[in-house]
Amino acid sequence: MAHVFTYGTLMWPDIMARVCGVTAPFAPPHAATLADHARHPVRGHDYPAMVPSPGHQVVGRLYLDVPEPAWARLDRFEGGDYERHEVLVTLADGNWQRAWTYLFTAGAALLDEGDWDEARFEREGKARFIARYTGFDAL
């Protein structure tokens, strides 16, 4: 399996390509939903965390056929506060797809209430995130 479900900064193909170290951009990701999980802002950061949460769902993007060398880079990018887990996501057409995703493991005390605001990140946080994150080439 070589697919990844993203729900935060990696939903943007330009950020995903930089993190994965690919020169050609990824094909546009597919809309996908993960049931029984919730996405929250990480306090003091522009990025979110996702945690199991029965009865909730997270809408994100699914990248298919992520190249094998990209997985080590993705793991380093996510760091010690996230763990890679296999999940089953629902695509827009109702079909299911197995994928990897990263769940937050650092504790609820670091999370703000409510859902992470994707539009706000696009408007206010994306440029700041890219400027702050200097490790793309070091991954």
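Here is what the cut-offs are and how they apply
- The residue numbers shown here count from 1 along each chain, following its written sequence.
- Side-chain atom pairs in this predicted model are given and counted only at pLDDT of 80 or more, local residue features only at pLDDT of at least 70, and totals for whole chains, interfaces and linings cover all residues.
- Side-chain numbers come from the whole structure's heavy atoms, not from hydrogens or water.
- Residues belong to a common nonpolar core when they are buried Ala, Val, Leu, Ile, Met, Phe, Trp, Tyr or Cys residues joined through side-chain atoms within 4.5 Å.
- For the exposure calls, accessible area comes from a 1.4 Å probe over protein chains only, and a residue counts as buried if that area is under 20% of its type's maximum, exposed if over 50%, partly exposed in between.
- A run of H or I in DSSP counts as a helix once it spans at least four residues, and a run of E counts as a strand once it spans at least two, with each numbered from the N terminus.
- The criterion used for residue contact is that any of the two residues' heavy atoms lie within 4.5 Å.
- Whether two aromatic rings pair depends on their centres lying within 6.5 Å, for rings of Phe, Tyr and Trp, where Trp uses its six-membered ring; planes under 30 degrees apart make the pair stacked, over 60 edge-to-face, and the rest tilted.
- One bridge is not enough; two strands pair if DSSP finds at least two bridges between them.

(A) Fine view of the nonpolar core. Phe5, Ile15, Met16, Val66 and Leu74 are the most contacted members of the largest nonpolar core, which totals 37 residues. For this core, the elements supplying multiple residues, two or more each, are β1 (4–6), α1 (13–20), β2 (30–41), β3 (48–63), α2 (68–78), β4 (82–91), β5 (96–104) and α3 (118–132). Take this core: its biggest share by element is six residues, from β3.

(B) Local environment of α2. Restricting attention to buried positions, one finds in α2 the residues Ala70, Trp71, Arg73, Leu74, Phe77 and Glu78. Those residues of α2 hidden inside the fold are in contact with β1, α1, β4, β5 and α3. Directly after α2, the chain includes Gly79, whose backbone phi takes a positive value near 75°.

(C) Focus on the packing of aromatic side chains. One pass over the full model with this rule turns up six aromatic pairs. With centroids separated by 5.3 Å and ring planes inclined at 45°, the aromatic side chains of Trp116 and Phe121 adopt a geometry described as tilted. Across the pair, exposure class does not vary: Trp116 and Phe121 are buried alike. Cluster of aromatic residues (ring-pair linked, three or more members): Trp12, Phe77, Trp116, Phe121 and Phe129.

(D) Examining the pairing of β3 more closely. Pairing analysis gives three bridges linking β1 to β3, with the strands arranged antiparallel. Paired with Thr6 across the two strands is Arg61, which belongs to β3. Hairpin geometry of β2 and β3 is characterised by an intervening segment of six residues between the two adjacent antiparallel strands and by a positive phi of about 80° at Gly44.

(E) Summary view of the environment of Cys20. Within the fold, Cys20 resides in helix α1. Using a relative accessible area of 4% as the deciding quantity, one classes Cys20 as buried. Taking the C-alpha atoms as reference, Cys20 lies 8.4 Å from Phe136; in sequence the two are 116 residues apart.

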